[in-house]
Amino acid sequence: MPETPDSPLKDMPSEARRIVERARGKGVQLRVLGGLAVRFHCEDVSFCERPYSDIDLIGLSSQSSGVIGLFRELGYVPDINFNALHGAQRLKFEDHRNNRHAEVFLDMFRMDQTLDFRGRLEIDPLTISLTDLLLTKLQVVKLDLKDFHDLFSLFRGHKVGTDDRPGVFNARYIAHLCAQDWGLYHTVLRNLERFPEFYDHFKLDGEERESMDRRIWILKLMIIEEPKGPLWKARAGVGERLPYYEPVDHVTGEE
């Protein structure tokens, strides 16, 4: 007898956790990304809490059939048209009970820049790693207030280091990726330079501003000083005269 589908939970953080834990039990790798992932890493939930409309995750294309079966068991309905068109890269599942959906990126996070998550999903048991989560935000060319809210939520409670320990941004990994892609390098540095514009908006006190300045400075320094190859230098010479990002929408459904 086939299993009777469960019903998705109304509380989105609880539902996102349920999805990942059920996937783990079936040997399927799924990790939360987006605003919900930021919330899971927040020490001060009152600061980082914001509305969430949908659940976004990332998994592996080699397990796509397992992902589809999982969501059916969890009470979701596959979006047949979307999956037929985008299924090699993304899968979408409807939660009719709560009038929302879950979307699963496969292997890559393709937005303004492309980030490869193969080999990176084992770092954190629930979400993409803190470092990767930061990069999914910093790679956005046209950041909005929601994006900066998430970025400040991340930076306020974590340190800059050189590995993927819990609570640490792996600046060495970020610098390495930026040294391979001038577009990513340019976008990340430009976004980091904008942080002070929002200190007043997020009501940071003097100590928080100094801490934020210090962490941003360390990250920028490591990115800038990472050795660059000849192809990167040639692309840097062209600059913004050639397209350096894909103008696509943000993660579906995020507010």
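Here, every reference points to the structure presented above.
Residue positions are given per chain, counted from 1 along the sequence in the order it is written. With the structure being a predicted model, the display of local features is reserved for residues of pLDDT at least 70 and the display and counting of side-chain atom pairs for 80 or more, all residues being used for whole-chain, interface and lining totals. Only hydrogens and water are set aside when side-chain values are computed; all heavy atoms of the structure are taken into account.

*Asks:* I keep staring at the packing of helix H6 (residues 130–138) against helix H9 (residues 182–193) and nothing clicks. Help me out?
*Replies:* Each pair of packed helices can be described by the angle between their axes along with the distance between the axes. Interaxial angles span 0 to 180 degrees and are taken between N-to-C directions of axes, which are lines fitted to C-alpha atoms, for helices over the stretch in contact. Helix and strand labels come from DSSP, where a helix needs a run of H or I of at least four residues and a strand needs a run of E of at least two; each type is numbered from the N terminus. At a minimum axis distance of 9 Å, the contact between H6 and H9 shows a crossing angle of 85 degrees. By the criterion of interaxial angle, the relationship of H6 to H9 is roughly perpendicular. Contacts from Leu135, Lys137 and Leu138 in H6 reach Thr187, Val188, Asn191 and Leu192 in H9. Residue polarity is assigned by list, with Asp, Glu, Lys and Arg as charged and Ala, Val, Leu, Ile, Met, Phe, Trp, Tyr, Cys and Pro as nonpolar; anything else, Gly included, falls into the polar class. A breakdown of the residues in the contact of H6 with H9 according to their chemical character gives four nonpolar, two polar and one charged. Throughout this description, any angle smaller than 35 degrees is read as roughly parallel, any larger than 145 degrees as roughly antiparallel, any in the 65 to 115 degree range as roughly perpendicular, and the remainder as oblique. Two residues form a contact once any of their heavy atoms are found within 4.5 Å.

*Asks:* Quick question: what am I supposed to make of the pairing of strand S4 (residues 90–95) here?
*Replies:* Within a regular strand, side chains alternate between the sheet's two faces. Judged by how many residues are buried, S4 sits mostly within the fold: six of six residues are covered. Only protein chains enter the accessibility calculation, which uses a 1.4 Å probe. A residue is then buried if its area is under 20% of the maximum for its type, exposed if over 50%, and partly exposed in between. Judged by which residues are buried, S4 turns out to be covered on both faces: Arg90, Lys92 and Glu94 on one side and Leu91, Phe93 and Asp95 on the other are all buried. Note on pairing: DSSP must find at least two bridges between two strands before they are called paired. Bridge count for strand S3 (residues 77–78) against S4 is two bridges, and the pairing is antiparallel. Residue pairing for S4: Pro78 is matched across the bridge by Phe93.

*Asks:* How should the environment of Phe82 be read in this particular structure?
*Replies:* Relative to the assigned elements, Phe82 resides in helix H5 (residues 80–86). Take Phe82: its relative accessible area is 16%, and that puts it in the buried class. Once residues lying within four places of it in the same chain are set aside, the contact partners of Phe82 are Gly87, Arg90, Leu91, Lys92 and Glu103.

*Asks:* What exactly am I supposed to notice about the pattern of salt bridges here?
*Replies:* Pairing of side chains with opposite charge becomes possible as their charged atoms draw close. For salt bridges, the criterion is a side-chain nitrogen of Lys or Arg within 4 Å of an Asp or Glu carboxyl oxygen. Taken as a whole, this structure holds 20 salt bridges when the rule is applied. Where Glu103 meets Arg90, a salt bridge forms, and the shortest distance between an N and an O atom there is 2.5 Å. In this pair, Glu103 sits in strand S5 (residues 100–106) while Arg90 sits in strand S4, placing the two residues 13 residues apart along the sequence. Given the relative accessible area of 0%, Glu103 is considered buried. A salt bridge links Asp147 to Lys137; the shortest N-O distance between them is 3.8 Å. Taken as a pair, Asp147 in helix H7 (residues 145–156) and Lys137 in helix H6 lie far apart in primary sequence, 10 residues in all.

*Asks:* What's the story with the packing of aromatic side chains in this structure? I'm lost.
*Replies:* How two aromatic rings sit relative to each other is set out by the distance from centre to centre and by the angle between their planes. Stacked, edge-to-face and tilted labels apply to pairs of Phe, Tyr and Trp rings (six-membered ring for Trp) whose centres lie within 6.5 Å, assigned for plane angles under 30 degrees, over 60, and everything in between, in that order. Scanning all chains against the criterion turns up 15 aromatic pairs. Between Phe148 and Phe195 the ring centres are 5.9 Å apart and the planes differ by 75 degrees, which places this aromatic pair in the edge-to-face class. Residue Phe148 is found in helix H7, and its partner Phe195 is found in the loop between H9 and helix H10 (206–225); the two are separated by 47 residues along the sequence. Residue Phe148 is classed as buried on the basis of its relative accessible area of 0%. Between Phe148 and Phe198, the aromatic rings sit 4.1 Å apart at their centres with planes inclined by 20 degrees, giving stacked as the arrangement. With Phe148 in helix H7 and Phe198 in the loop between H9 and H10, this pair connects stretches of sequence that are 50 residues apart.

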